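Single-letter residue listing:
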Amino acid sequence: MSNNSDSKKKNKKQSETTLEMVPIFIMGKKHDVPATLTIQKAFEYAGYQLVRGCGCRGGICGACGTVYRFPDSYRIEVGLACQTVVKPNMYISQIPFFPANKAVYDIEELEPTGSTVWALYPEIFKCVGCGTCTRSCPMDIDVMEYISRAIRGDIAGAAELSFDCVMCGLCTVRCPSEEVQYNIGILTRRLYGRHIAKRAKHLEDAVENVKQKKFDKGVKKLKKMDIDKLKEIYSARETEPQFGPEEWEPENKDYLITE
Ligand code: SF4
Ligand code: SF4
Ligand code: FES
């Protein structure tokens, strides 16, 4: 146990001599960490175990909202810990959970109108249009604009504009009017998905095909393949273009159910 920890310390020391190190402050305590690390990896390098505030590590789950500041600046800056590389003298603190207002509702019973959003989140009208939310968003979403659309009752517009939201909460943390933009955004997307978007006929067909076991033959064939072959056909697969025609079909129809 002690040998193992001695050798870990030795390895850490050796790597520190070859890497450029920068000082950062994690919750007020100074640590020297490699300059190439993200904030998330720097926390772990400094010995912290991330139990909350860490999920996908790839900028998708929104769990790692973080605030930081530099000593020569009054500005509080924000970012995702898994996407933001450390800089010298960052003062860092994570926000693994923010006690945001979250309305409870049954989406089946709601009308896809502005009145629904206004009733569940009346504070939406407190928005002063400062744009801090937009400047804080690590996904480069025009947050203020989707809030404006929700205020105007444009459910489809708010849903579309908030689509890339990862629910990190950094807009809410900075909002002077205490809006919970991301919960308003997801409400509009749920309203759109449940009540406005056209039902996808091909999805119903695909579910029916699954029920009738029409994919079983293809799945059996795939299960017999070795891992390298699977990787090869996965990499070479045709993917449906994002804005392709309704009737798009792949050139290779081996796995296509046509009847
Ligand atoms: S930060 Fe808050 S008050 Fe400012 S524009 Fe965004 S929602 Fe409105
Ligand atoms: S809209 Fe808000 S919660 Fe969503 S990704 Fe941007 S900052 Fe995060
Ligand atoms: S850990 Fe998921 S976005 Fe950072």
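What counts, and at which threshold
Residues numbered from 1 in each chain as written. Chains lettered and ligands numbered in written order. Predicted model: local features only at pLDDT ≥ 70, side-chain atom pairs only at ≥ 80, totals over all residues. Helix = DSSP H or I, 4+ residues; strand = E, 2+ residues; numbered from the N terminus. Rg over C-alpha atoms; globule rule 2.2 N^0.38 Å. Buried ≥ 20, exposed ≤ 12 C-beta atoms within 10 Å, placed from the backbone. Contact = placed C-beta atoms within 7 Å. Domains from an automatic or database assignment. Nonpolar A, V, L, I, M, F, W, Y, C, P; charged D, E, K, R; others polar. Near = placed C-beta within 6 Å. Pairing = 2+ DSSP bridges. Axes fitted to C-alpha atoms, helices over the stretch in contact; angles between N-to-C directions. Parallel < 35°, antiparallel > 145°, perpendicular 65-115°, else oblique. Left-handed = near helix turned anticlockwise from the far one by under 90°.

**A word on the overall build of the protein chain**
Inference 1: The secondary structure content of the protein chain amounts to eleven helices and five strands.
Inference 2: Whereas a compact globule of 259 residues would reach a radius of gyration of roughly 18 Å, the protein chain reaches 24 Å, over 25% beyond that.
Inference 3: Per-residue burial for the protein chain yields a buried fraction of 22% across its 259 residues.
Inference 4: Of the contacts formed within the protein chain by residues at least 6 apart in sequence, a portion of 59% connects residues at least 24 apart.

**Remarks on the domain arrangement of the protein chain**
Inference 1: According to the domain assignment, the protein chain contains domain 1 (20-94) and domain 2 (107-196).
Inference 2: Centre-to-centre separation of domain 1 and domain 2, based on C-alpha positions: 28 Å.
Inference 3: The interface of domain 1 with domain 2 comprises eight residues on the first partner and nine residues on the second.
Inference 4: When residues of the side of domain 1 that touches domain 2 are assigned to their parent elements, the largest contribution, three residues, is made by strand β4 (residues 77-80).
Inference 5: By residue class, the composition of the side of domain 1 that touches domain 2 is four nonpolar, four polar and no charged.

**Some thoughts on the environment of Y255**
Inference 1: Tracing the sequence through the fold places Y255 in the segment after α11 (227-236).
Inference 2: The spatial distance from the C-alpha of Y255 to the C-alpha of V78 is 46 Å, given a sequence separation of 177 residues.

**Let's talk about the site of ligand 2**
Inference 1: Around ligand 2 sit 14 residues in total, of which C137, C165, C168, C171 and Y182 are the nearest.
Inference 2: Mapped onto the shell around ligand 2, the elements with two or more residues apiece are α7 (170-174) and α8 (181-196).

**Here's the deal with the pairing of strand β1 (residues 21-26)**
Inference 1: Relative to strand β2 (residues 29-34), β1 runs antiparallel, the two sharing six bridges. Each residue of the ladder has a partner; that of P23, found in β2, is D32.
Inference 2: Connecting β1 to the next strand, β2, in antiparallel fashion are two residues, including M27 with a positive phi near 50°.
Inference 3: Where β1 lies against strand β5 (residues 90-94), three bridges are found, and the strand directions are parallel. Residue pairing for β5: F25 is matched across the bridge by Y91.

**With respect to the packing of helix α5 (residues 143-151) against α8**
Think of two packed helices as two axes; the pair is described by the angle between the axes and how far apart they sit.
Inference 1: For the pair α5 and α8, interaxial distance at closest approach is 10 Å and the crossing angle is 55°. Taken together, the axis directions place α5 and α8 in an arrangement best described as oblique. Regarding α5 and α8, the two cross each other, and that crossing is left-handed. Across from V143, Y146, I147 and A150 in α5, the residues of α8 making contact are Q181, I184, G185 and T188.
Inference 2: Here the contact of α5 with α8 is composed, by residue class, of five nonpolar, three polar and no charged.

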